[in-house]
Amino acid sequence: MMRWMAHPMAKPAGFLLCLLPAFWLIWAAVVGDLGPNPAEALIRSLGDWTLRFLVIALMVTPLRVTFDWPWLARWRRMLGLFVFFYATLHWLSYVWFDMGLDMHAVLADIPQRPFILVGTLAWLLLLALACTSFNQAVRWLGAPRWRSLHKAVYAIATLGVLHFFWMRAGKNDFAEVAVYALLMATLLGWRLQRFLRTRRA
């Protein structure tokens with residue numbers, strides 16, 4: 001299995017696999033398979049896939065270091081960009097279906113609803129990371145500043161869970177929120193422990 005993942009064709013296959021949720025949601029919307037409120041189902045499903053891809057992207061480094069899988073580094077950028085892709089579809093769906101593409105209404109709505117505010121902040125941080133994900137950006141910014149900027153992923157993970165928490169607070173349904181919070185805390189805790197261990201060394 002691990003030998004196949006290092007194959008040159010594994011990444012293109014993984015790219016298509018990462019697109020499957022988007023294709024499935026588009027198909028479900030076309031055939032009317034999203035339930036009685038398709039707009040809400042689409043917005044929430046895209047939000048769920050954003051969090052899933054964020055967890056997967058954050059798992060790359062711990063798995064690479066723990067199991068000595070250097071080939072996993074090839075996947076990190078692509079997975080991070082898919083986080084941005086699904087987050088963008090999620091945010092645009094809110095702008096389109098909830099706000100009718102009225103940007104004045106969107107700008108008025110964002111500060112009034114905390115879960116929209118933190119979600120938008122997370123998307124803006126993802127936008128900054130996506131715009132600087134290419135190799136030339138590392139040379140423009142310099143490696144230390146580039147690494148500092150991309151540590152914003154920790155803030156994005158926190159804001160993402162907070163956004164999900166506030167969204168579910170209205171229905172008093174926190175089971176999935178707890179799962180994502182535990183996963184994010186574990187992955188960020190691993191990084192903190194590694195950082196402290198490196199500092200002591």
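Anything mentioned here points back to the structure above.
Residues numbered from 1 in each chain as written. Predicted model: local features only at pLDDT ≥ 70, side-chain atom pairs only at ≥ 80, totals over all residues. Heavy atoms only, no water.

> Pulling in residues and values, what's your account of the overall build of the protein?
A count of helical and extended segments in the protein gives ten helices and zero strands. Secondary structure of the protein in N-to-C order comes out as α-α-α-α-α-α-α-α-α-α. The C-alpha radius of gyration computed for the protein amounts to 18 Å, which stays within 12% of the reference 17 Å derived for 201 residues, consistent with globular compactness. Considered along the principal axes of its C-alpha atoms, the protein spans approximately 55 × 40 × 35 Å. Looking at the protein as a whole, 37% of its 201 residues are labelled buried. Long-range contacts, defined as pairs at least 24 residues apart, comprise 66% of the intrachain contacts of the protein with a sequence gap of at least 6. A total of about 12200 Å² of accessible surface is found on the protein, and carbon and sulfur atoms cover 70% of it. The distance from the centre of the 20 positive side-chain charges to the centre of the 9 negative ones in the protein is 21 Å. (Helix = DSSP H or I, 4+ residues; strand = E, 2+ residues; numbered from the N terminus. Rg over C-alpha atoms; globule rule 2.2 N^0.38 Å. Buried < 20%, exposed > 50% of the residue type's maximum accessible area, 1.4 Å probe, protein only. Contact = heavy atoms within 4.5 Å. Areas by Shrake-Rupley, 256 points an atom, 1.4 Å probe, with all protein chains shown as cover. Lys, Arg positive; Asp, Glu negative; His and termini not counted. Charge placed at Lys NZ, Arg CZ, Asp CG, Glu CD.)

> Summarise the pattern of salt bridges; cite the residues concerned and give the values.
Within the structure shown, the criterion is met by three salt bridges. The salt bridge involving R113 is made with D109; its shortest N-O contact spans 2.8 Å. For R113, a relative accessible area of 29% gives the class partly exposed. The partner of E176 in a salt bridge is R168, and the shortest N-O contact between them spans 2.9 Å. The buried category is assigned to R168, whose relative accessible area is 10%. (Salt bridge = Lys/Arg side-chain N within 4 Å of Asp/Glu carboxyl O.)

> Before we move on, could you go through the environment of A130 and cite the residues and values that matter?
Its place among the elements puts A130 in helix α6 (residues 114-131). A130 sits in the buried class, given a relative accessible area of 17%. Separated by 47 residues in the primary sequence, A130 and V83 place their C-alpha atoms 9.4 Å from one another. Those residues in contact with A130 that sit more than four places away from it in its chain are L81 and F84.

> Requested: an account of a nonpolar patch on the surface, with residues and values cited.
The grouping of L17, L20, F23, I26, W27, V30 and V31 at the surface amounts to a nonpolar patch, some 770 Å² of accessible area in total. Mapping L20 onto the fold places it in helix α2 (residues 10-31). (Patch = residues over 30% accessible without salt bridge, like charges linked within 9 Å, V, L, I, M, F, W, Y side chains within 5 Å.)

> Tell me about the layout of surface pockets, and name the residues and values.
Approximately 1200 Å³ is the volume attributed to the largest pocket. Where the lining of the largest pocket is concerned, the elements lending two or more residues are α3 (38-67), α4 (73-98), α6, α8 (143-150), α9 (152-169) and α10 (175-200). A breakdown of the residues in the lining of the largest pocket according to their chemical character gives 20 nonpolar, six polar and seven charged. The calculated volume of the second largest pocket comes to roughly 520 Å³. Along the walls of the second largest pocket sit 28 residues, with I43, G47, H90, H163 and M167 positioned nearest its centre. Considered class by class, the residues forming the lining of the second largest pocket number 15 nonpolar, eight polar and five charged. (1 Å grid on protein atoms, 1.4 Å probe; cavity = no way out; pocket = protein on both sides within 12 Å on 5 of 7 lines; lining within 4 Å. Points joined across faces, edges and corners; volume = space filled by probe spheres on them. Nonpolar A, V, L, I, M, F, W, Y, C, P; charged D, E, K, R; others polar.)

> Lay out the nonpolar core in plain terms, naming residues and giving numbers.
Judged by nonpolar contacts, the single largest core of 41 residues is most densely connected at F53, L54, L58, L79, F82 and M184. Of all elements in the fold, only α2, α3, α4, α6, α9 and α10 reach the threshold of two or more residues within this core. Broken down by element, the residue count for this core peaks at nine residues, all from α3. (Core = buried A, V, L, I, M, F, W, Y, C linked by side-chain atoms within 4.5 Å.)

> Lay out the side chain of R191 in plain terms, naming residues and giving numbers.
Here R191 lies in helix α10. No salt bridge is formed by the buried R191, whose closest oppositely charged neighbour, D68, lies at an N-O distance of 16 Å. With near-sequence residues (within four places) excluded, R191 lies in contact with L58, T61, P62 and Y154.

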